[in-house]
Amino acid sequence: MVVRPPTPHVAMRPLWRCRNCGREWPCQPAKLTLLTEYRTDRTGLLIYLGALMNEATHHLTQLHPDHPPARARARG
């Protein structure tokens with residue numbers, strides 16, 4: 001039997017869906033992972049998420065120019 005390592009809950013660009021569960025990223029497991037990783041650096045987390053939001057907005061706007069991602073802030 002071949003055992004594969006679990007797929008992490010990371011963003012699949014440019015769709016910004018979770019590679020593991022397919023939900024909008026950040027999914028709930030990704031949020032928990034980020035909070036754990038940045039538990040002592042909330043400022044770093046905000047900077048990181050802000051950069052990702054900018055990247056996601058750019059990607060999603062290019063994919064759907066007629067429907068810009070108005071809900072991007074609701075994902076975080």
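Residues numbered from 1 in each chain as written. Predicted model: local features only at pLDDT ≥ 70, side-chain atom pairs only at ≥ 80, totals over all residues. Heavy atoms only, no water.

## Details of the overall build of the protein
Move 1: Tallying secondary structure elements over the protein gives 3 helices and 2 strands in all.
Move 2: Counting from the amino terminus, the protein carries its helices and strands in the arrangement β-β-α-α-α.
Move 3: Across the 76 residues of the protein, 22% fall into the buried class.
Move 4: Contacts spanning at least 24 positions in sequence make up 32% of the contacts within the protein whose residues lie at least 6 apart. (Helix = DSSP H or I, 4+ residues; strand = E, 2+ residues; numbered from the N terminus. Buried < 20%, exposed > 50% of the residue type's maximum accessible area, 1.4 Å probe, protein only. Contact = heavy atoms within 4.5 Å.)

## Some words on helix α2 (residues 42-63)
Move 1: With 22 residues, α2 should cover 32 Å at 1.5 Å per step; its first-to-last C-alpha distance of 31 Å lies within 8% of that length.
Move 2: Those residues of α2 not exposed but buried are G44, L45, L52, A56, H59 and L60. Summarising the axial view, the buried residues of α2 lie within an arc of 115°, below the 170-degree limit, and thus occupy one face. α2 presents T43, L46, I47, N54 and Q62 as exposed residues on the side facing more than 90 degrees away from its buried surface. (Expected span 1.5 Å × (residues − 1). Arc of directions from axis to C-beta.)

## Notes on the packing of aromatic side chains
Move 1: Overall, the coordinates contain 2 aromatic pairs when judged by the stated rule.
Move 2: On the basis of an interplanar angle of 55° and a centroid distance of 6.1 Å, the ring pair of W16 and W25 is categorised as tilted. Here W16 matches W25 in class, with each residue buried.
Move 3: Ring plane angle 20° and centroid distance 5.8 Å describe the contact between Y38 and Y48, whose orientation is recorded as stacked. One end of the pair, Y38, is in the loop between α1 (28-37) and α2; the other, Y48, is in helix α2, and 10 residues separate them in sequence. (Phe/Tyr/Trp six-rings, centres within 6.5 Å; stacked < 30°, edge-to-face > 60°.)

## Details of the confidence of the model for the protein
Move 1: Of all residues in the protein, 89% have pLDDT values of 70 or greater, and the mean over the chain is 89.
Move 2: Helix α3 (residues 72-75) is the least confidently modelled element of the protein, averaging 55 in pLDDT, while α1 averages 97, the highest of any element. (pLDDT = per-residue confidence, 0-100.)

## Regarding unusual backbone geometry
Move 1: Here R13 and P14 are connected by a cis peptide whose omega angle stands at 5°.
Move 2: Within the element layout of this structure, P14 appears in the loop between β1 (11-12) and β2 (17-18).
Move 3: Cis geometry is found at the peptide bond from W25 to P26, where omega equals 5°.
Move 4: Inspection of the secondary structure assignment puts P26 in the loop between β2 and α1.
Move 5: Positive phi outside glycine occurs at W16, with the angle close to 55°.
Move 6: Tracing the backbone through its elements, the reader meets W16 in the loop between β1 and β2.
Move 7: Since its relative accessible area comes to 2%, W16 is described here as buried.

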